[in-house]
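Listed here are the chains, written in short residue letters.
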Amino acid sequence: MRPEPSPQAPSLVDTPSADGRRSRKRQQTAEHLVRVAFELFASHGYDQVTMEQIAATADVAKGTLYNHFPVKEALVKARMHADLARELPTLLAALPADLGARTRLRRFLHLSADYSERGRDYLPHYIHYRLSQPIAEIRPEDRSGMNQIFARFIADGQARGEIRSDVSPEQLGHTLQFMYLCALLRWLQIPGIDLKATLDAMVDLIFDGCAGDVRS
């Protein structure tokens, strides 16, 4: 009589594979939900589309949708961050370091302005959602990565002697990110304002400061 095989202990080798499949499945579901949501937004308008409608059109349970995206604005955030991640390598390749930090930053912000102008209807919802999140609950993966992009330009400028080096690139990157946010808010609130001109003024302020000729 052949002995019964003993139960196998869980394999550490199998675990990452299973976790990887679950992670891919979750990512695929999230991407499907975002794609369906934006198709509905384009057809009916953002304000007219409900979370229930998104779940029904995507053929998922409402709980599945809310498990991935607790509010409608979170779908907008996911789309905008995915767009940035997809386009970033091409953008950075078109902005070599030998252009200088000021020129690179200005050109990058002009490209970002083109994107913001195309997605102006969604941008207020994105900003509202990001500002409403408790700071303690924001994980690194929840961030857009803009502060890291700014820090990269600053670090390159510091290495070339274009930017003072007594402040870390990370600190200056965060400062730039908040100035960028303020420029976007001003553009959204004031009719007819030119976004690229507003961003150019921000860059000039960063590199030239705001002190006048009069010395106290």
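Residues numbered from 1 in each chain as written. Predicted model: local features only at pLDDT ≥ 70, side-chain atom pairs only at ≥ 80, totals over all residues. Heavy atoms only, no water.

Brief notes about the packing of aromatic side chains
Tallied over the entire structure, the rule returns 8 aromatic pairs. Relative to Y122, the ring of F38 has its centre 5.0 Å away and its plane inclined at 50°; by these criteria the two rings are tilted. Highlighted residues: F38 in helix α1 (residues 14–44) and Y122 in the loop between α5 (101–118) and α6 (123–132), separated in sequence by 84 residues. Judged by its relative accessible area of 19%, Y122 is buried. Seen in terms of ring centroids, F150 and Y180 are 5.9 Å apart; in terms of plane orientation they differ by 70°. Their pairing is edge-to-face. Here the residue F150 occupies a position in helix α7 (residues 146–159), and Y180 occupies one in helix α8 (residues 169–189), the gap between them amounting to 30 residues. Accessibility assignment for this pair places F150 and Y180 in one class, buried. (Phe/Tyr/Trp six-rings, centres within 6.5 Å; stacked < 30°, edge-to-face > 60°. Helix = DSSP H or I, 4+ residues; strand = E, 2+ residues; numbered from the N terminus. Buried < 20%, exposed > 50% of the residue type's maximum accessible area, 1.4 Å probe, protein only.)

Some thoughts on the side chain of S144
By secondary structure assignment, the location of S144 is in the loop between α6 and α7. There is a polar contact of 3.2 Å between the side chain of S144 and the backbone nitrogen of M146. Excluding its chain neighbours within four sequence positions, the residues that come into contact with S144 are H81, L84, Y126, R130 and Q177. (Polar contact = N/O pair within 3.5 Å; in protein donor to acceptor, adjacent residues only side chain to side chain. Contact = heavy atoms within 4.5 Å.)

Topic: the pattern of salt bridges
The final tally for this structure, using the stated rule, is 11 salt bridges. Ionic pairing is found between R79 and D83, a salt bridge with its closest N-O pair at 3.4 Å. Of this pair, R79 and D83 both sit in helix α4 (residues 72–93), 4 residues apart, which is roughly one turn of the helix. Given the relative accessible area of 32%, R79 is considered partly exposed. A residue is classified by how much of its surface remains accessible, and D83, at 9% relative accessible area, is buried. In this structure, R160 and E162 form a salt bridge, with 3.5 Å as the shortest nitrogen-oxygen distance. By relative accessible area, which is 46% here, R160 ends up partly exposed. Residue E162 is classed as partly exposed on the basis of its relative accessible area of 36%. (Salt bridge = Lys/Arg side-chain N within 4 Å of Asp/Glu carboxyl O.)

Thoughts on α7
Over its 14 residues, α7 runs 20 Å from end to end, which matches the ideal 20 Å to within 8%, given 1.5 Å per residue. In this fold, the buried residues of α7 make contact with α4, α5 and α8. (Expected span 1.5 Å × (residues − 1).)

Section: the packing of α7 against α8
Two quantities define a packed helix pair, namely the angle between the helix axes and the distance between the axes. Packing of α7 against α8 brings their axes to within 7 Å, and their N-to-C directions diverge by 125°. Taken together, the axes of α7 and α8 lie oblique to each other. Judged by the sense of rotation from one axis to the other, the crossing of α7 with α8 is right-handed. Of α8, the residues touching α7 (which contributes M146, N147, F150, A151, I154, A155 and Q158) are P169, E170, L172, G173, H174, L176, Q177 and Y180. Considered class by class, the residues forming the contact of α7 with α8 number 9 nonpolar, 5 polar and 1 charged. (Axes fitted to C-alpha atoms, helices over the stretch in contact; angles between N-to-C directions. Parallel < 35°, antiparallel > 145°, perpendicular 65-115°, else oblique. Left-handed = near helix turned anticlockwise from the far one by under 90°. Nonpolar A, V, L, I, M, F, W, Y, C, P; charged D, E, K, R; others polar.)

Everything listed here is a matter of geometry and, on its own, says nothing about what the molecule does.
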